[in-house]
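Each chain is listed here by its residues.
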Amino acid sequence: FLGFFTLIVIFTALWVSLRIARGITDPIQSLVQATEEVASGNLDVNVTIRKEDEIGLLISSFNDMVNKLRNSEETLKSAYAESNRRRLGMENIVDNIKSGVISLDVDGNIIAINNSACSILNIPAADVINRNYKEILALIRSDSLQEMVRGLKLRTLGSVEKDLWVNVGGKRALLKVTITGLRHESSYLGLLVVFEDLTETVRAQKAIAWQEVARRIAHEIKNPLTPIKLSAERMLKKWEHKDEDFNQVFERSAKSIIKEVDSLRRLVDDFSKYGKMPEINKSPTSLAGIIDEVVNLYREFKNYNIRT
């Protein structure tokens with residue numbers, strides 16, 4: 001009886017110990033499998049075993065950790081997608097603007113260059129990316145640009161802007177160059193170089209200016225030509241009709257022609273010397289004399305009755 005009772009106790013103890021062991025090993029095995037899933041990148045794992053002891057607390061902490069990791073991953077994915085969208089948008093904008101843009105790191109190496117910069121400088125992007133900015137300067141012939149770069153204190157630079165004439169590939173161009181130091185708080189991040197080709201703009205402005213000068217010259221030349229023509233016609237008419245007052249008309253007309261020719265000569269001389277229209281010098285003048293000059297030009301025309 002005692003031996004039988006002892007066997008029952010032993011088997012009962014074994015059964016209870018197995019139950020307790022399984023209550024511990026099964027959740028731990030599930031945790032191990034879930035951990036392996038998480039390690040492989042699967043964050044949709046959730047251990048569903050419910051226990052009220054320390055193992056249950058461990059399972060609950062594991063599930064909370066996985067949920068936080070999953071939320072963090074979603075947040076990171078969303079932030080990365082937004083950052084990538086903005087980056088692509090900014091790259092698209094930079095690549096399509098007409099101004100050349102070059103970005104340099106703290107060591108002066110080129111980390112980005114847009115299409116306009118490559119077109120203006122006549123170089124492919126692959127030849128300059130991750131290379132020092134001095135390699136680009138070697139392709140540009142400009143003493144003023146070299147002097148400007150030598151005078152820059154890169155790590156303390158705020159922003160500097162200057163118009164420079166340069167020679168790139170045998171082509172002379174006027175560039176508006178802006179160099180800005182990039183900073184985050186007190187850290188120096190590099191340089192941003194933005195330049196624009198103003199050559200065609202300057203040419204267009206010069207063309208407009210010359211058009212205006214030509215218009216004014218034509219106007220100034222046309223003004224004296226009218227009295228010259230009228231005076232000559234008046235003299236010819238008097239001469240053809242053998243009028244008695246031909247001598248007086250000839251004198252007045254000749255003086256008028258000489259006066260207007262002198263005015264034209266001064267206009268041409270001033271323009272040839274200074275390349276611009278002469279300044280208008282205002283002075284007191286006798287209106288009666290001007291009126292008489294005009295009346296004398298038109299006095300002999302038929303169907304006109306001029307009274308002064």
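Provided above is the structure to which this section pertains.
Quick look at the structure, then.

What counts, and where the lines are drawn
- Residues numbered from 1 in each chain as written.
- Predicted model: local features only at pLDDT ≥ 70, side-chain atom pairs only at ≥ 80, totals over all residues.
- Heavy atoms only, no water.
- Helix = DSSP H or I, 4+ residues; strand = E, 2+ residues; numbered from the N terminus.
- Buried < 20%, exposed > 50% of the residue type's maximum accessible area, 1.4 Å probe, protein only.
- Areas by Shrake-Rupley, 256 points an atom, 1.4 Å probe, with all protein chains shown as cover.
- Pairing = 2+ DSSP bridges.
- Core = buried A, V, L, I, M, F, W, Y, C linked by side-chain atoms within 4.5 Å.
- Contact = heavy atoms within 4.5 Å.
- Salt bridge = Lys/Arg side-chain N within 4 Å of Asp/Glu carboxyl O.
- Axes fitted to C-alpha atoms, helices over the stretch in contact; angles between N-to-C directions.
- Parallel < 35°, antiparallel > 145°, perpendicular 65-115°, else oblique.
- Left-handed = near helix turned anticlockwise from the far one by under 90°.
- Nonpolar A, V, L, I, M, F, W, Y, C, P; charged D, E, K, R; others polar.

### Quick word on the overall build of the protein chain
Now for step 1: Counting secondary structure elements, the protein chain contains 8 helices and 6 strands.
Now for step 2: Mapped in sequence order, the helices and strands of the protein chain form the string α-α-β-β-α-α-β-α-β-β-β-α-α-α.
Now for step 3: Buried positions account for 25% of the 308 residues belonging to the protein chain.
Now for step 4: Split by element, the accessible area of the protein chain, about 22600 Å² in all, is 57% carbon and sulfur.

### Looking at the pairing of strand E5 (residues 171–184)
Now for step 1: Examined bridge by bridge, strand E4 (residues 159–168) and E5 share 10 bridges and lie antiparallel to one another. When the sheet's bridge partners are listed, Trp 165 is paired in E5 with Leu 174.
Now for step 2: The antiparallel hairpin formed by E4 and E5 contains 2 residues in its connecting segment, where Gly 169 sits at a positive phi of about 60°.
Now for step 3: Two successive antiparallel strands, E5 and strand E6 (residues 187–197), enclose a turn made up of 2 residues, where Glu 185 displays a positive phi of approximately 60°.

### Some points on the nonpolar core
Now for step 1: Core analysis: the largest hydrophobic core is formed by 27 residues, its most contacted members being Ile 102, Leu 121, Ile 136, Val 166, Val 177 and Phe 195.
Now for step 2: Secondary-structure elements contributing two or more residues to this core are strand E1 (100–104), strand E2 (110–113), helix H3 (115–121), helix H4 (134–137), helix H5 (143–150), E4, E5 and E6.
Now for step 3: When sequence neighbours within four positions are dropped, the list of residues in contact with Val 177 reads Met 148, Val 160, Glu 161, Lys 162, Leu 164, Val 193, Val 194 and Phe 195.
Now for step 4: In this structure, Leu 31, Val 47, Ile 59 and Val 66 belong to the second largest nonpolar core, which totals 9 residues.

### Regarding the pairing of E6
Regular strands show a simple pattern: their side chains alternate between the two faces of the sheet.
Now for step 1: Summarising the sheet, E1 and E6 pair through 5 bridges and their orientation is antiparallel. Bridge pairing links Ser 103 to Leu 192 in E6.
Now for step 2: Pairing geometry for E5 and E6, over 10 bridges, is antiparallel. Each bridged residue has a counterpart across the sheet, and for Ile 179 the counterpart in E6 is Val 193.

### Overview of the pattern of salt bridges
Now for step 1: Tallying each qualifying case throughout the model produces 5 salt bridges.
Now for step 2: Lys 255 is paired through a salt bridge with Glu 251; the nearest N and O atoms lie 3.1 Å apart. On the criterion of helical spacing, the pair formed by Lys 255 and Glu 251 is a turn pair, its members being 4 residues apart in helix H7 (residues 246–274).
Now for step 3: A relative accessible area of 53% places Lys 255 in the exposed class.
Now for step 4: Linking Arg 265 and Asp 262 is a salt bridge whose minimum nitrogen-to-oxygen distance equals 2.8 Å.

### Focus: the packing of helix H6 (residues 199–240) against helix H8 (residues 287–298)
Now for step 1: Where H6 meets H8, the axes come as close as 9 Å, and the angle between the chain directions of the two elements is 50°. Taken as axis vectors, H6 and H8 run oblique relative to one another. As H6 runs across H8, the sense of the crossing is left-handed. Residues Thr 226, Pro 227, Leu 230, Ser 231 and Arg 234 of H6 lie in contact with H8, whose contacting residues are Asn 296, Leu 297 and Tyr 298.
Now for step 2: For the contact of H6 with H8, the class distribution of residues is 4 nonpolar, 3 polar and 1 charged.

Coordinates in, geometry out; function isn't part of it.
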